[in-house]
Amino acid sequence: MAPKDRANSERDERFWLTRRMKSLRARLIFLLSVTLLPLAALALVDAWFGYRYYRDASLSPASIGEAARFLLFSNAATALVMWLAALVATGWGVGRLVTRPLRRIRRGILAYSENDERARIRNIGELPEEIRALAESFNRMADALAARDAALMKAVARQKALTREVHHRVRNNLQIVNSLMSLQSRKAETAAESAIFSEVQRRVTALGLVHGAIYQGDDLSSVKLDLLLNDLCAATEQSLRNSGTPALLSVTADRLTASASLAVPLAFLITEIIGEIVFHRDGSPVASDIRIALRGSGAGAVLTIEGARPLFPEPAGADSGSLSLIDGLVRQLGGRQTIAPDRSGISVIVPNLNTAGR
């Protein structure tokens, strides 16, 4: 449509709406006209009677002055009444045609701003054209936002499902790798070779448990550490029992959460410390009772692991590779470790954990 035709169409539409009193301007003009029309008729009647009075009566000069004063006050009173009537009519009309509809729109907007996503402005067909356009704009905006939010929620749900599937498949693949390593470990000719396979299997198991905790949890971005530690210690205890090493692992953990980037090195750290307690330097197992505790502290947590035998060799002793790996994991966690004087336990302060109750 050409600009000129569009302008003519809009002008015709405005005229039609005014004629049908759909616009605010037309309604106010009609209201004032209806209010002032009888008052104007009253003023005409008053003037007519005044004219008849002067025409038919033979008045003295004093009577003429009195009549003039009467007409003056009468016309002034009529004008005042007309002004008051117009004021009352305008106030009533503005209240009904402007204030009340705007108040309805305000209530709808306030309800929407208070997270009532279903809030809409109802029954807008009876509103004046200008205010109805405002209400329709708000309803369209709310509907568009609702549709966008629904699409985003659908996309997030799909993304979560895909992420869960990825972690689930990773855990399954790690279980397959663990099974293959278990089969291969049967070909080990010495205890040292068997211990190597067992060590790697424990690490693979720890990684698989972290992935399992991620996809089984409600929040794919965090891991429930109390559940992870219980599963990790149960799996480690079962693995040690299957290898002929009786070990009793007791776990005490607060309801803490951590991101996956922290859960993996934490699981590896616990696995390495358990392996350090259970196995000699030559790989031979030792029956042990191990106590593991994870307690919330300030903005982080304190991990404490205690055993019945020294955890690490003396500095002048043999292999210190396990100690170096534990040091590296503690640094990766951004923590700080403290080894007991008799080397029977270790405490690690781990920051950046969510200590709030779930």
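Residues numbered from 1 in each chain as written. Predicted model: local features only at pLDDT ≥ 70, side-chain atom pairs only at ≥ 80, totals over all residues. Heavy atoms only, no water.

Scanning the protein chain from terminus to terminus reveals eight helices and seven strands. Here the protein chain holds 358 residues, and 32% of them are scored as buried. Sequence-distant contacts, at least 24 apart, represent 67% of the contacts inside the protein chain between residues at least 6 apart. Carbon and sulfur atoms make up 59% of the accessible area of the protein chain, which amounts to about 21,700 Å² in all. (Helix = DSSP H or I, 4+ residues; strand = E, 2+ residues; numbered from the N terminus. Buried < 20%, exposed > 50% of the residue type's maximum accessible area, 1.4 Å probe, protein only. Contact = heavy atoms within 4.5 Å. Areas by Shrake-Rupley, 256 points an atom, 1.4 Å probe, with all protein chains shown as cover.)

Turning to the pattern of salt bridges, a few remarks are in order. One pass over the full model with this rule turns up eight salt bridges. Two residues, D149 and R148, come together in a salt bridge whose shortest N-O distance is 3.8 Å. Note that R291 is salt-bridged to E306, the shortest N-O span being 3.3 Å. One end of the pair, R291, is in strand 4 (residues 288-297); the other, E306, is in strand 5 (residues 300-306), with 15 residues separating them in the sequence. Residue R291 is classed as partly exposed on the basis of its relative accessible area of 43%. A network of salt bridges, in which partner residues are shared, links E199, R203 and E272. (Salt bridge = Lys/Arg side-chain N within 4 Å of Asp/Glu carboxyl O.)

Turning next to the packing of aromatic side chains. Aromatic rings considered in pairs are described by the distance between their centres and by the relative angle of their planes. Scanning the entire structure with this criterion turns up one aromatic pair. Each ring, one from Y112 and one from F138, has its centre 5.8 Å from the other, and the planes form 85°; the classification is edge-to-face. Residue Y112 is found in helix 3 (residues 61-113), and its partner F138 is found in helix 4 (residues 129-185); the two are separated by 26 residues along the sequence. Of the residues examined, F138 reaches a relative accessible area of 9% and is grouped as buried. (Phe/Tyr/Trp six-rings, centres within 6.5 Å; stacked < 30°, edge-to-face > 60°.)

For the rest of this paragraph, the subject is helix 4. Taking 1.5 Å of rise per residue, 57 residues should cover 84 Å, and helix 4 covers 83 Å from first to last C-alpha, within 8% of that figure. Along helix 4, the positions that sit buried rather than exposed are I131, R132, A135, F138, N139, A142, H167, R171, L174, N178, M181 and S185. (Expected span 1.5 Å × (residues − 1).)

The subject of this paragraph is the packing of helix 5 (residues 191-216) against helix 7 (residues 260-278). Taken N-terminus to C-terminus, the directions of helix 5 and helix 7 make an angle of 150°; their axes are 9 Å apart at the nearest point. Every pair of crossing elements has a handedness; the one defined by helix 5 and helix 7 is right-handed. Here E199, R202, R203, A206, L207, V210 and I214 of helix 5 come into contact with helix 7, specifically with A260, A263, V264, A267, F268, T271, E272 and G275. (Axes fitted to C-alpha atoms, helices over the stretch in contact; angles between N-to-C directions. Left-handed = near helix turned anticlockwise from the far one by under 90°.)

Strand order in this open sheet of five strands is 2-4-5-7-6, and the pairing throughout is mixed. If you trace the sheet from one side to the other, it starts and ends with strand 2 (247-253) and strand 6 (336-339), each paired once. On average, each strand axis in the sheet is inclined to that of its neighbour by 15°, with strand direction left out of account. In terms of strand pairing, strand 5 meets strand 7 (residues 345-351) through seven bridges, oriented antiparallel. Note on strand 7: the bridge partner recorded for I305 is I346. (Pairing = 2+ DSSP bridges.)

A separate point is the environment of D231. As for its position among the elements, D231 is in helix 6 (residues 225-242). Owing to a relative accessible area of 42%, D231 belongs among the partly exposed residues under this scheme. Distance in space between the C-alpha atoms of D231 and A206 is 9.2 Å, their sequence separation being 25 residues.

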